[in-house]
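These are the residues of each chain, in order.
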Amino acid sequence: MPIYALCDMNSFYVSAELLFRPDLVDKPCIVLSNNDGCAVARNAPAKALGIKMGAPRFEIEEIIQDHGVITFSSNYTLYADISNRVMTTLERLAPSVFIYSIDEAFLDLSGMENLGSLASYGRSVVDTVKREVGIPCCLGISTTKTLAKLANQGAKKYPKTGGVVDLTDPQRQRRLMAITDVGDVWGVGRRIGKRLKALGISTALDLADANPAWIRKHFSVVLERTVRELNGIACIPFDDNPPHKKQIFVSRSFGQRITQLSDMRQAISSYMTKAAENLRNEGMNAGMVTVFLRTNVFNQNQPQYSNNVSRTLMHPSSDTRVLVTVANELLSSIWKRGYAFMKAGVMLSDFYEQSISQQGLFDVAPIDSRSTQLMATLDKINRQKKGQVVFARDGVSQSWQMKRENLSPCYTTRWSDLPKVR
Amino acid sequence: MTVTLLGSVDVDALSKTAVPFYSESVPCGFPSPAAGYEDTRLDLNELCIPRPSSTYMVRCDGDSMNGIGIFAGDILVVDRSIKAKHGDTVVAAVDGAFTVKTLALKPKVQLLPQNRRYAPIEIKEGSDLQLFGVVTHLVRAMQR
């Protein structure tokens, strides 16, 4: 019988910020998304003020002012570093770790049930991460990934658990499922949850007791898998990683509306540079390049325009220079003057393994091996210090860059930003 | 004086072998049978940061520890995974700010400055000492 645990970092972005701000520990704090748009992380005091996950800033502005809520702009450099530290620590503590997102990881503890209490092992994991990295987390342990996620939610919701729930016992599984909303089950979500409730399935336990064949007929094979998982039959393999990302998407809302083609070129070029970097990290070449842009659909007083365009590349590539050139040609083909653009982005898709890329029969120019080398060198330099070598098209001033008014220092990744001690 | 051009220098190859390190001291006279064994180049990370995931760096911004040679501008390497002992140099959060002090556990819990102009910080019984970590190394550029 497999034993899986889900480790989930509590209010991760806020926890990462507060690690270096002992002065704010008991104050309500939130982290805002790109462009300072909505709340994407809240600590317990902020939750207590009724700030909901994903709440747009303008909706909570009054609460922020009245209660002196501390707001942080998203500092992904910091979060990525802290996340990496937590994951590294988990990898030291568990036989096998599958990173699920920036703040969640599954641990494979199969066989460890014979070595002693899983709950006390779980507590040692939580304590170690808190002590060594400084980030609080919760651990849910059970026999399938879906049940481990459920156990984790229980550990988060009920402080009496001390942040660890061992849900390997079927009786306990049923007790927790009976008080869990069906919409909170991993893989169900709000929309399907609503449909299930209309059919009389309102708790996780109702779903567990539903007939799998009936569920498959009326919903999907995915939800049928969830039913089996809730009954302790592991259907989602531990390292169920989609073999390759199907596409890479880089898109942002602009800090200021863009009206000039030259500004838009900078934005698109820099997004594509980022996308190409991600693509090379995946070891892939892309066969399809997409560029899109749009005005603010919510502002009906202004003329509206939205368009996107894609091109299939004859030779899939991961060369920043090729991809940026294509993206700029695509941009020219859909650019229209006289509009104030709010958002633009690029997408790479149709991926091929770099190692199996083929030369065309009628190719004139051979695939440039120096290109691969150049890109590798570029990535290496930029890994040492972000944005050290950039394409001139990316622009230097970047007035279109997103709004990040309350950005914290990069405490762990920049010499100039080290925390101060007296 | 004349010079002869011998060819270009392979900078990569040079940097890989630039600092060979001999792990033994070199005694005059009788050679050690193990002498001359070449190790890889020294990596300061290995010495100062054996546990990267629990190590943070902070910059000193005061003179309260001048007495043991910690000065403003110094970078302190702080390891959170070490259990603090009596006498350790630690970084702690006091009144919402980070401070570096010497930890005293006996006769009572105190954070001791190493400068007469500062008073010890008493940690009252029942209140939590918010330790950030133990200072393991000090980094200072001697030329600024």
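The shown structure was predicted, so the numbers you read here are calculated from the model rather than taken from an experiment.

1. Some remarks on the overall build of chain A
When its secondary structure is counted, chain A shows 14 helices and 13 strands. Classification of the 422 residues of chain A by burial places 47% in the buried group. Long-range contacts, defined as pairs at least 24 residues apart, comprise 68% of the intrachain contacts of chain A with a sequence gap of at least 6. As presented, chain A carries roughly 21,500 Å² of accessible surface, and 52% of it is formed by carbon and sulfur atoms.

2. What to know about the packing of aromatic side chains
Applying the stated criterion across every chain, the model contains 15 aromatic pairs over all chains. Counting every residue linked through ring pairs, the aromatic cluster contains Phe20 and Tyr411 of chain A together with Tyr56, Phe98 and Phe132 of chain B. Across the ring face of Tyr56 of chain B, the terminal group of Arg85 of chain A is positioned such that the distance to the ring centre comes to 4.0 Å. One Lys or Arg, Lys145 of chain A, reaches over the ring of Phe106 of chain A and ends 4.6 Å from the middle of that ring.

3. Concerning the environment of Thr89 of chain B
Residues and elements named next belong to chain B. Here Thr89 lies in strand S5 (residues 89–94). With relative accessibility at 17%, the residue Thr89 sits in the buried group. In this structure, the C-alpha to C-alpha distance between Thr89 and Val134, residues 45 residues apart in sequence, is 6.1 Å. If we ignore the near neighbours within four places in the chain, the residues touching Thr89 are Met65, Ile68, Ile70, Val100, Lys101, Thr102, Val134 and Val135.

4. Some words on the sheet that holds strand S7 (residues 137–142) of chain A
Residue and element names in this part refer to chain A. With mixed pairing, the five strands of this open sheet are ordered in space as S5-S6-S1-S7-S8. Each edge of the sheet is formed by a strand with only one pairing partner; in this case those strands are strand S5 (96–101) and strand S8 (164–166). Across the sheet, the mean angle from the axis of one strand to that of its neighbour is 15°, orientation sign disregarded. Here S5 pairs with strand S6 (residues 104–108) via five bridges, running antiparallel. Residue pairing across strands places Ile99 opposite Ala105, the latter belonging to S6.

5. Regarding the sheet that holds strand S2 (residues 29–32) of chain A
Residues and elements named next belong to chain A. Strand order across the open sheet formed by three strands is S3-S2-S4, with mixed pairing between neighbours. With one partner strand each, in any of the chains shown, strand S3 (39–42) and strand S4 (70–73) form the two edges of the open sheet. Mean inter-strand twist for the sheet, computed between neighbouring axes without regard to direction, equals 30°. Note that S2 and S3 share three bridges and pair antiparallel. Considered in S3, the bridge of Ile30 is made with Arg42. Those strands touched by helix H3 (residues 57–67) are S2, S3 and S4, and its axis lies near 160° from that of S2.

6. Side note on the interface of chain B and chain A
Across the boundary between the two partners, chain B contributes 25 residues, which contact 20 residues of chain A. A combined buried area of about 2,000 Å² lies between chain B and chain A, and 58% of that area is made up of carbon and sulfur atoms. Scanning the region where chain B abuts chain A turns up zero salt bridges. Taken together, chain B and chain A are joined by 15 residue pairs in polar contact (both at pLDDT 80 or more). With six residues, the top contributor of residues to the side of chain B that touches chain A is strand S3 (residues 55–60) of chain B. The pairing of strand S13 (residues 420–421) of chain A with S3 of chain B spans two bridges and is classified as parallel. Of the residues in S3 of chain B, the one forming a bridge with Val421 of chain A is Cys60 of chain B.

7. A short note on the confidence of the model for chain B
All names here are of chain B. With 72% of its residues at a pLDDT of at least 70, chain B reaches an overall mean of 80. Within the model, the stretch residues 6–22 combines pLDDT values under 50 with twelve contacts to residues more than four positions away or in other chains. Scored as a whole, the predicted complex attains pTM 0.69, and scored at its interfaces, ipTM 0.74.

8. Some remarks on the pattern of salt bridges
Counting across every chain of the model gives 19 salt bridges over all chains. Put simply, Arg321 of chain A and Asp319 of chain A hold a salt bridge, and the shortest N to O gap is 2.8 Å. The salt bridge involving Glu122 of chain B is made with Lys108 of chain B; its shortest N-O contact spans 3.1 Å. Of this pair, Glu122 of chain B sits in strand S8 (residues 121–122) while Lys108 of chain B is found in the loop between strand S6 (97–104) and strand S7 (110–112), placing the two residues 14 residues apart along the sequence. A single network of salt bridges, built from pairs that share partners, joins Arg92, Arg131 and Glu132 of chain A.

9. Some thoughts on the nonpolar core
Ile82, Leu90, Leu109 and Leu139 of chain A together with Val91 of chain B are the most contacted members of the largest nonpolar core, which has 54 residues in total. Split by domain, this core shows at least three residues from each of two domains, domain 1 (4–8 + 79–230) and domain 2 (12–77) of chain A. Those residues in contact with Val91 of chain B, other than ones at most four positions away along the chain, are Val421 of chain A together with Val58, Val78, Phe98, Thr99, Val100, Leu131, Phe132, Gly133 and Val135 of chain B.

Calculation criteria
What you see as residue numbers is a count from 1 along each chain, following the sequence as written. Each chain is given a letter, starting from A, and each ligand a number, starting from 1, according to the order in which they appear as written. In view of the model being predicted, local features appear only for residues whose pLDDT reaches at least 70, and side-chain atom pairs are presented and counted only at 80 or more, with totals across whole chains, interfaces and linings using the full set of residues. Excluded from the side-chain calculation are hydrogens and water; included are all heavy atoms of the structure. Helix numbers and strand numbers start at the N terminus; a helix is a DSSP run of H or I with at least 4 residues, a strand a run of E with at least 2. Note on classification: 1.4 Å probe, protein chains only; a residue is buried when its accessible area is under 20% of the maximum for its type, exposed when over 50%, partly exposed between these limits. The contact rule is simple, with two residues in contact once any of their heavy atoms fall within 4.5 Å. The method behind every accessible area is Shrake-Rupley, applied with a 1.4 Å probe, and residues are considered shielded solely by the protein chains displayed. Each Phe, Tyr or Trp ring (for Trp, its six-membered ring) is paired with any other whose centre lies within 6.5 Å, and the angle between the two planes then decides the class: stacked below 30 degrees, edge-to-face above 60, tilted in between. Distance and angle both matter: a charge sits over a ring if NZ of Lys or CZ of Arg is within 6 Å of the ring centre and within 35 degrees of the ring normal. When DSSP locates at least two bridges between a pair of strands, those strands are taken to pair. Axis definition: a line fitted to C-alpha atoms, limited for helices to the stretch in contact. Angles are taken between N-to-C directions and run from 0 to 180 degrees. Two parts placed together each lose some accessible area under a 1.4 Å probe, and the buried area is that loss summed for both. Salt bridges, as used here, are contacts in which a Lys or Arg side-chain nitrogen is within 4 Å of a carboxyl oxygen on Asp or Glu. Nitrogen and oxygen atoms within 3.5 Å of one another constitute a polar contact, given that in protein one can donate a hydrogen and the other can accept it, and given that sequence-neighbouring residues count only through two side-chain atoms. pLDDT is a per-residue confidence score from the predictor, ranging from 0 to 100. Throughout this description, the term nonpolar core refers to a set of buried Ala, Val, Leu, Ile, Met, Phe, Trp, Tyr and Cys residues connected via side-chain atoms within 4.5 Å. Note that domain bounds follow an automatic or database assignment of domains.

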